[in-house]
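Listed below are the residues making up each chain.
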Amino acid sequence: MSKPKRYDPAAIETKWQSRWENEKTYACHVDKDKKKYYVLEMFPYPSGNLHMGHVRNYSIGDVVARFKRMQGFNVMHPMGWDAFGLPAENAAIKHNIHPSVWTHANIDNMRAQLKRLGYSYDWDREVATCDEPYYRWEQLFFLRWLEKGLVYRKKASQNWCPHCNTVLANEQVVDGLCWRCDTPVVQKELTQWFLKITDYADELLADLSKLESGWPDRVLSMQRNWIGKSVGAEITFPLESGEGDIKVFTTRPDTVFGVTFMTLAPEHPLVESLISGKPNEAEARAFIERTHNMDRIDRQSDSLEKEGVFTGSYCLNPFTGRQVPIWLGNFVLAEYGTGAVMAVPAHDQRDFDFSKKYGMERIVVIQPEGEAPLTPENLTEAYTAPGVLVNSGEFDGLPNEDAKKAIADALEASGKGKRTTNWRLRDWNISRQRYWGAPIPVVYCDTCGMVPVPEDQLPVRLPLDVQTHTDGKSPLPHTPEFYNCTCPKCGGAAKRETDTMDTFVESSWYFARYTDARNDKAPFDMEALRYWLSVDQYIGGVEHAILHLLYARFFTKVLRDLGYFPKEIDEPFANLLTQGMVLKDGSKMSKSKGNTVDPTEMIAKYGADTVRLFCLFAAPPERDFDWSDTGIEGASRFLNRIWRLYADTCEVLSPVGACSSTAADATTAAAKEVRLKEHLTVKKAGEDIGNRYQFNTAIAAIMELVNALYLAKDELATTEEGRKILSSAMATVLTLLAPITPHVCEELWEDLGHARSIDQEPWPEWKEDALQRDVLTVVIQINGKLRGKIEVPASASKEEVEQLALTEQNIVRHLEGLTVRKVVVIPGKLVNVVAN
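Here is a short report on the structure shown in this document. (Residues numbered from 1 in each chain as written. Predicted model: local features only at pLDDT ≥ 70, side-chain atom pairs only at ≥ 80, totals over all residues. Heavy atoms only, no water.)

Tracing the chain through its elements places Lys 584 in strand S26 (residues 582-584). With no salt bridge to any partner, buried Lys 584 finds its closest opposite charge in Asp 585, at an N-O distance of 4.7 Å. Once residues within four sequence positions are removed from consideration, Lys 584 is found in contact with Met 589, Asn 595, Val 597, Asp 626 and Trp 627. (Helix = DSSP H or I, 4+ residues; strand = E, 2+ residues; numbered from the N terminus. Buried < 20%, exposed > 50% of the residue type's maximum accessible area, 1.4 Å probe, protein only. Lys, Arg positive; Asp, Glu negative; His and termini not counted. Salt bridge = Lys/Arg side-chain N within 4 Å of Asp/Glu carboxyl O. Contact = heavy atoms within 4.5 Å.)

So, in structure tokens, the structure goes:
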């Protein structure tokens, strides 16, 4: 081997990237003789350029993929593009270019950036969701949903973004604003397509228990809260007029005798009849109009100022016949429960606040046991703790938990109500009034009504020869060449659906398409799915905890039930890692703040290995970290330090494997210390990367090993045994770093004279005998205070350690005039002398 030239990251990295691509180093195939490992990062929207958040995310995934290959797994690590949707369309409009041209140009650029970072992707599996070979299968799924009644069309009030000119799912409204552009969301009546995600609410909730060992608790909690299961009773309150009734859902049937008013959603279907002709009809209508334009998410917020208006109508308590005034409230939603809430101000804080604001009565129906009685006059807040029923007729004296069951029984026996379960989750609105998306494969015929497009006519192609509109409105309803068609059923004139599908539909099944990405006969091959799924490690931002992850879980269950997935696959992602953000100056990077860091510039200045190393070393992956120029310079210095270490020692190094030296080679104190450090580092790095994904502490341990080699290299180079120790430790440094900084490690490994790539090396295995020290350092305390240290033989008994400690010169001095009462020896670590 020759002494290497100066460290030139650009030359080294492009050399190895070209070799990996030409040799298809990371292509993978089903191999039932090997255990598989599927690692996946959430695929990006092709915005045009990678940002540092991408680099951190994909660097984490690449370390896992490379590490698992070295452990002997058959690893699949694919990449693709979430290419449909509003951002691409809006950007294309802004730049006066077609979304398809914009998107594919961005894909080309970002693919080149990913390759320049050296990620070990199987590019033969690449997909782009805007391409016909992808979305044709999505349209097929839609037809199957229609057949099974899993998708339907209805008119309802929807979240509408006036800037994006499209509806939004509930999950896409954040604090009353569009999740994409931060425009205030309004309500608009529209006929839309909905997927019946609520049909799977029970399973989506129950199966979260299967993910408890692999998903962050925070994400599981967010999903449970969003699904929002509530068990209770539906109670019927007849209208005083005798013309109908109001049904309410409550989790507290034990408080029904304390109802003093009813609160309805302004959108409730009975509202018109309840307010018509009443004295305050005009006030009620103004309130309805004002509330109708509020965001539905805001209306559920705890911080919302609760407001209401009296309708002028009454209903009757089904147990007492008591007259109950009916109010409208801005905090009640028509689609949650029944759109009506029985108000018990003595035992619900929201109702308490509302009653206080509008001067309404309170009735105490639950008393705490063993305390002074509660009265409407001495209540300063709602009493929501357990207690015993009062003022509740035949149920007086019952503990309130028992009363829930007894009152539910009475409701069912009398026909005045029933036990029921309520969900926060709502069906998923998948219609979008935009152009850049997958066309919905149905037509509308005046004779036949809605007709599915036959399977053999798929895909319904999105026309690429249309002009997008500057206001964002879809050109499809204004493109006769697209919407005019023939009815597949009667042969008459028909019109195509001009809405496209929500882009979250595409991202809900891409992970499965990767398993058989070039199949043009079916969306998946069943055997490939059975081999590769579920994804063993999924990596992405916590901002997708509800939207994408919930939808992907739903799709997995639906495709399983439709026969597209194996029956045993009911969850898409076995393990989930949610990485933190990369900040700059303490805040999220954004162009508007002028605090972005361009990965391309960093790679040009420092090299891809340095950028990867810093992103992994700066913090544990789940935590945010602040970009630091001094930090990346430090990472660069470390790689140069390894390069110099190799250059200084290469003439005495042999092409051996990691951890290849033996105890017999460790003939000196320096050799023993290096061998010990080598195996300790392998143990720690393997545990930190493989078990905890704490890449930063693994890197820190490798840095310590490099420091040890610098201190010992000159001495070790002088003997044959020492050179074996040095060669083994250098091989270990390169092998441990290979998943993190693959290019420089490949280069030095090859220069060492190895015939095969470092990629093909097994992950090193530490040996127990190497971790045994001949001499141990033991600290000595007197009454808990550090007073000295001694070197003791590793084989020394407790008694021998105690004797050596008590005769150590500094300890003898500190014990003058004291009587030793007790000596505690912790072998190999500590001696504590108790004296007074």
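Read on for the rest.
Moving on, we come to empty space enclosed by the protein. Applying the stated criterion across every chain yields a total of one cavity of 30 Å³ or more. Quantified by volume, the largest cavity comes out at close to 140 Å³. Lining the largest cavity are 17 residues; nearest its centre among them are Gly 85, Leu 86, Arg 432, Asp 502 and Thr 503. Only helix H3 (86-94), strand S4 (166-168) and strand S23 (500-501) provide two or more residues apiece to the lining of the largest cavity. Looking at the lining of the largest cavity residue by residue, the classes come out as seven nonpolar, six polar and four charged. (1 Å grid on protein atoms, 1.4 Å probe; cavity = no way out; pocket = protein on both sides within 12 Å on 5 of 7 lines; lining within 4 Å. Points joined across faces, edges and corners; volume = space filled by probe spheres on them. Nonpolar A, V, L, I, M, F, W, Y, C, P; charged D, E, K, R; others polar.)

On to the state of the cysteines, then. The final tally for this structure, using the stated rule, is zero disulfides. Cys 745 takes part in no disulfide bond, and the closest cysteine sulfur to it belongs to Cys 659, at a distance of 15 Å. Judged by relative accessible area, which is 1%, Cys 745 ranks as buried. (Disulfide = S-S within 2.5 Å.)

Another aspect to go through is the pattern of salt bridges. Scanning the entire structure with this criterion turns up 52 salt bridges. Here Arg 116 ties to Glu 13 by a salt bridge, and the two come within 2.8 Å at their closest N and O atoms. Of this pair, Arg 116 sits in helix H4 (residues 99-116) while Glu 13 sits in helix H1 (residues 9-22), and the two are 103 residues apart along the sequence. A salt bridge links Asp 254 to Arg 252; the shortest N-O distance between them is 2.9 Å. Here the two residues Asp 254 and Arg 252 agree in accessibility, since each one is buried.

This next bit is on unusual backbone geometry. With an omega of 0 degrees, the peptide bond between Leu 458 and Pro 459 qualifies as cis. Phi at Asp 182 is positive, roughly 65 degrees, even though this residue is not glycine. Along the chain, Asp 182 turns up in the loop between strand S6 (177-178) and strand S7 (186-195). Of the residues examined, Asp 182 reaches a relative accessible area of 52% and is grouped as exposed. Phi is positive for Cys 659, close to 55 degrees, though the residue is something other than glycine. With respect to the helices and strands, Cys 659 occurs in the loop between helix H19 (629-649) and helix H20 (669-692). Of the residues examined, Cys 659 reaches a relative accessible area of 4% and is grouped as buried.

Here we take up the packing of aromatic side chains. All chains considered together, the criterion is met by 45 aromatic pairs. Considering the side-chain rings of Tyr 510 and Phe 511, the 6.3 Å spacing of their centres and the 80 degrees angle between planes classify their relative orientation as edge-to-face. On the numbers, 6.3 Å between centres and 80 degrees between planes, the contact of Phe 554 with Phe 555 is edge-to-face. Phe 555 sits in the buried class, given a relative accessible area of 2%. It is Lys 188 that lies over the ring of Trp 160; its NZ or CZ is 3.9 Å from the centre. In this structure, Lys 683 is placed above the aromatic ring of Trp 766, and the distance from its NZ or CZ to the ring centre is 5.4 Å. (Phe/Tyr/Trp six-rings, centres within 6.5 Å; stacked < 30°, edge-to-face > 60°. Lys NZ or Arg CZ within 6 Å of the ring centre and 35° of its normal.)

Using a probe with the size of a water molecule, rolled over the atoms, empty space left in the structure can be pinpointed. The computed volume of the second largest pocket comes to approximately 880 Å³. Thr 251, Tyr 336, Val 341, Asp 348 and Arg 350 are the residues nearest the centre of the second largest pocket, which is lined by 28 residues in total. The biggest single contributor to the lining of the second largest pocket is strand S13 (residues 340-343), with three residues. Among the residues forming the lining of the second largest pocket, the class breakdown is nine nonpolar, eleven polar and eight charged.

Before going further, it helps to examine the sheet that holds strand S19 (residues 442-445). Read from one edge to the other, the open sheet built from four strands follows the order S20-S19-S22-S21, with strand pairing classed as antiparallel. Lying at the two open borders of the sheet, with one neighbouring strand each, are strand S20 (449-452) and strand S21 (484-486). For this sheet the average axis-to-axis angle between neighbouring strands, irrespective of direction, equals 40 degrees. Note: S19 against S20, four bridges, orientation antiparallel. If you follow Val 443 over to S20, its bridge partner there is Val 451. (Pairing = 2+ DSSP bridges. Axes fitted to C-alpha atoms, helices over the stretch in contact; angles between N-to-C directions.)

Before going further, it helps to examine the nonpolar core. Ranked by size, the top nonpolar core spans 191 residues in total, and within it Trp 145, Trp 428, Phe 511 and Trp 627 carry the most contacts. When we break this core down by domain, the ones giving at least three residues each are domain 1 (9-130 + 504-601) and domain 2 (138-196 + 432-501). Those residues in contact with Phe 511 that lie beyond four places of it in its chain are Tyr 38, Leu 40, Leu 533, Val 535, Ala 552, Thr 556, Phe 565, Pro 572 and Phe 573. If you look at the next biggest cluster of nonpolar residues, it comprises 41 residues, including Ile 235, Ile 275, Cys 315 and Leu 328. (Core = buried A, V, L, I, M, F, W, Y, C linked by side-chain atoms within 4.5 Å. Domains from an automatic or database assignment.)

Here the focus is the pairing of S7. Judged from the ten bridges that link them, strand S3 (residues 151-161) and S7 form a sheet pairing that is antiparallel. The residue of S7 that forms the bridge with Ser 157 is Glu 189.

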